[in-house]
Amino acid sequence: GEERENLTYDAFGHAVRELAQTVADDGYVPDVVLSIARGGVFVAGGLAYALDCKNIHLVNVEFYTGVGTTLEMPVMLAPVPNAIDFTEKKVLIADDVADTGKTLKLVRDFCIDHVAEVRSAVIYEKPHSLVKCEYVWKKTDQWINFPWSVEKPVVRRQGQVLDS
Ligand code: 5GP
């Protein structure tokens with residue numbers, strides 16, 4: 001619909017602390033927070049500090065190729081995390097939103113063969129998400145404006161080739 005969920009940096013600060021508290025209250029103690037770039041980087045940083053976890057890893061996921069064509073499915077871009085780093089680890093995947101859930105499913109499926117346990121934490125989850133995250137700050141069916149992407153970049157960059 002027309003409505004937007006507008007998250008400010010201030011509200012995000014409170015949201016990520018509350019999200020971390022639900023993880024802690026649940027007794028989940030991750031060895032690694034795995035952030036999904038780019039939006040999940042903000043969430044992962046907040047969670048890692050609040051959960052006193054010093055290991056953050058990152059995976060780049062895009063729905064787009066370097067030439068700007070939209071793919072049916074999201075893809076993991078290089079450098080793909082080394083599976084060895086996750087062997088027998090308890091992983092907490094962090095992202096800003098599970099919308100279709102395809103991005104989270106991709107990363108979760110990548111992890112699941114290697115890790116001791118994998119759970120997911122997101123600020124928002126949409127009702128139709130095919131992945132149901134263990135930790136969700138707020139459910140919404142609205143389009144979300146995140147503080148880090150609501151404004152245009154300060155420079156325009158064209159023809160940027162993504163690592164692959
Ligand atoms: P997915 O559909 O795979 O769950 O979501 C993939 C990505 O699309 C999210 O990580 C996020 O970057 C972007 N996205 C999905 N829904 C929204 C939304 O409501 N607002 C914004 N700003 N981005 C979204």
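About the cut-offs
- Residues numbered from 1 in each chain as written.
- Predicted model: local features only at pLDDT ≥ 70, side-chain atom pairs only at ≥ 80, totals over all residues.
- Heavy atoms only, no water.
- Axes fitted to C-alpha atoms, helices over the stretch in contact; angles between N-to-C directions.
- Helix = DSSP H or I, 4+ residues; strand = E, 2+ residues; numbered from the N terminus.
- Parallel < 35°, antiparallel > 145°, perpendicular 65-115°, else oblique.
- Left-handed = near helix turned anticlockwise from the far one by under 90°.
- Contact = heavy atoms within 4.5 Å.
- Nonpolar A, V, L, I, M, F, W, Y, C, P; charged D, E, K, R; others polar.
- Phe/Tyr/Trp six-rings, centres within 6.5 Å; stacked < 30°, edge-to-face > 60°.
- Core = buried A, V, L, I, M, F, W, Y, C linked by side-chain atoms within 4.5 Å.
- Buried < 20%, exposed > 50% of the residue type's maximum accessible area, 1.4 Å probe, protein only.
- Near = heavy atom within 4 Å.
- Polar contact = N/O pair within 3.5 Å; in protein donor to acceptor, adjacent residues only side chain to side chain.

### Remarks on the packing of helix H1 (residues 9-25) against helix H2 (residues 39-50)
Where H1 contacts H2, the two axes come as close as 9 Å, and the packing angle between them is 50 degrees. When the axis of H1 is compared with that of H2, the two are oblique. Between H1 and H2 lies a crossing whose hand is right-handed. Residues Tyr 9, Phe 12, Val 16, Arg 17, Leu 19 and Ala 20 of H1 form the contact with H2, whose own contacting residues are Phe 42, Val 43, Gly 46, Leu 47 and Ala 50. Here the contact of H1 with H2 is composed, by residue class, of nine nonpolar, one polar and one charged.

### Overview of the packing of aromatic side chains
Centre-to-centre distance and the angle between the planes together describe a pair of aromatic rings. Enumeration over the complete set of coordinates arrives at six aromatic pairs. Note on Tyr 124 and Trp 137: the rings are 5.8 Å apart at their centroids and 80 degrees apart in plane angle, and the pair reads as edge-to-face. Placement of the pair is Tyr 124 in strand E6 (residues 117-125) and Trp 137 in strand E7 (residues 135-139), with a sequence separation of 13 residues. Each ring, one from Tyr 124 and one from Phe 146, has its centre 5.9 Å from the other, and the planes form 65 degrees; the classification is edge-to-face. In this pair, Tyr 124 is assigned in strand E6 and Phe 146 in the segment after strand E8 (143-145), connecting sequence segments 22 residues apart. Among the aromatic residues, those joined into a ring-pair cluster are Tyr 9, Phe 12, Phe 42, Tyr 124, Trp 137, Phe 146 and Trp 148.

### A look at the nonpolar core
What tends to happen in soluble globular proteins is that the nonpolar side chains get buried as a cluster. Counting 25 residues, the largest nonpolar core has Val 43, Leu 47, Leu 92 and Ile 123 as its most contacted members. Among the secondary structure elements, those contributing two or more residues to this core are H1, H2, strand E5 (90-98) and E6. Looking at this core, the element that brings in the most residues is H1, giving six residues. Non-local contacts of Leu 92, meaning those with residues more than four positions away in its chain, are made with Val 23, Tyr 28, Pro 30, Val 32, Val 33, Leu 34, Leu 47, Leu 51, Arg 119, Ser 120, Ala 121 and Tyr 135. Membership of the second largest hydrophobic core comes to 18 residues, among which are Val 32, Val 61, Ala 98 and Val 131.

### Let's talk about the site of the ligand
Every one of the 14 residues lining the ligand counts as a neighbour, but Asp 99, Thr 100, Gly 101, Thr 103 and Ile 144 are closest to it. In the model, an oxygen atom of the ligand is placed 2.6 Å from a nitrogen or oxygen of the Thr 100 side chain. Within the side chain of Thr 103, a nitrogen or oxygen atom sits 2.6 Å from an oxygen atom of the ligand. For the shell around the ligand, the secondary-structure elements that each account for two or more residues are E5, helix H3 (102-112) and E8. If one sorts the elements of the shell around the ligand by residue count, E5 sits on top with four residues. Tallied by class, the residues present in the shell around the ligand amount to six nonpolar, three polar and five charged.

Any functional reading would require information that these geometric values do not contain.
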